[in-house]
Amino acid sequence: YDNVTTTDSSSFDIDHVVPLKEAWDSGAWNWSSAQRQSFANDLSQPYFLIAVSASSNRSKGDRDPAEWLPTNTSYRCEYVRNWIAVKRAWDLSVDPAELTALTQQLAAC
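### Overview of the packing of aromatic side chains
Part 1 of the reasoning: Scanning all chains against the criterion turns up nine aromatic pairs.
Part 2 of the reasoning: Where Y79 meets W83, the ring centres are 6.1 Å apart and the plane angle is 45°; that geometry is what we call tilted. Residue Y79 and its partner W83 are located together in helix α4 (residues 76-89), separated by four residues, close to a single helical turn. Exposure class is identical for Y79 and W83. Each is buried.

The following block contains the structure:
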């Protein structure tokens, strides 16, 4: 997200590209506990859970692309593509502001 490289494991977090709260708000509230657990631990694709700097993960929090994008502008296209892939894979909804942000960002790719 921020182009930071480190070998110090205490300086990075594992991030859910689509945060758990965002998933909840986008339809996971209707899932079983087992489905929510599967989403939270999904390693089926390398971009569902990614290692990022702790500071960028905390900056992102539970925000969607209408509210937050990576500071590394060269990563934004990949980020929004990954966001969309996660949402599609898990059949999660997209709100109007999120759709506008995704559409605008993809148009710039």
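### Side note on the state of the cysteines
Part 1 of the reasoning: In this structure the tally under the stated criterion is one disulfide.
Part 2 of the reasoning: The side chain of C77 participates in a disulfide bridge whose partner is C109; the two sulfur atoms lie 2.1 Å from each other. Given an S-S torsion of about -110°, the disulfide between C77 and C109 has left-handed geometry. With C77 in helix α4 and C109 in the segment after α5 (96-107), the pair connects residues that are 32 residues apart, well separated along the chain.
Part 3 of the reasoning: C77 gets classed as buried once you look at its relative accessible area, which sits at 19%.

Definitions and limits used
Residues numbered from 1 in each chain as written. Predicted model: local features only at pLDDT ≥ 70, side-chain atom pairs only at ≥ 80, totals over all residues. Heavy atoms only, no water. Phe/Tyr/Trp six-rings, centres within 6.5 Å; stacked < 30°, edge-to-face > 60°. Helix = DSSP H or I, 4+ residues; strand = E, 2+ residues; numbered from the N terminus. Buried < 20%, exposed > 50% of the residue type's maximum accessible area, 1.4 Å probe, protein only. Disulfide = S-S within 2.5 Å.

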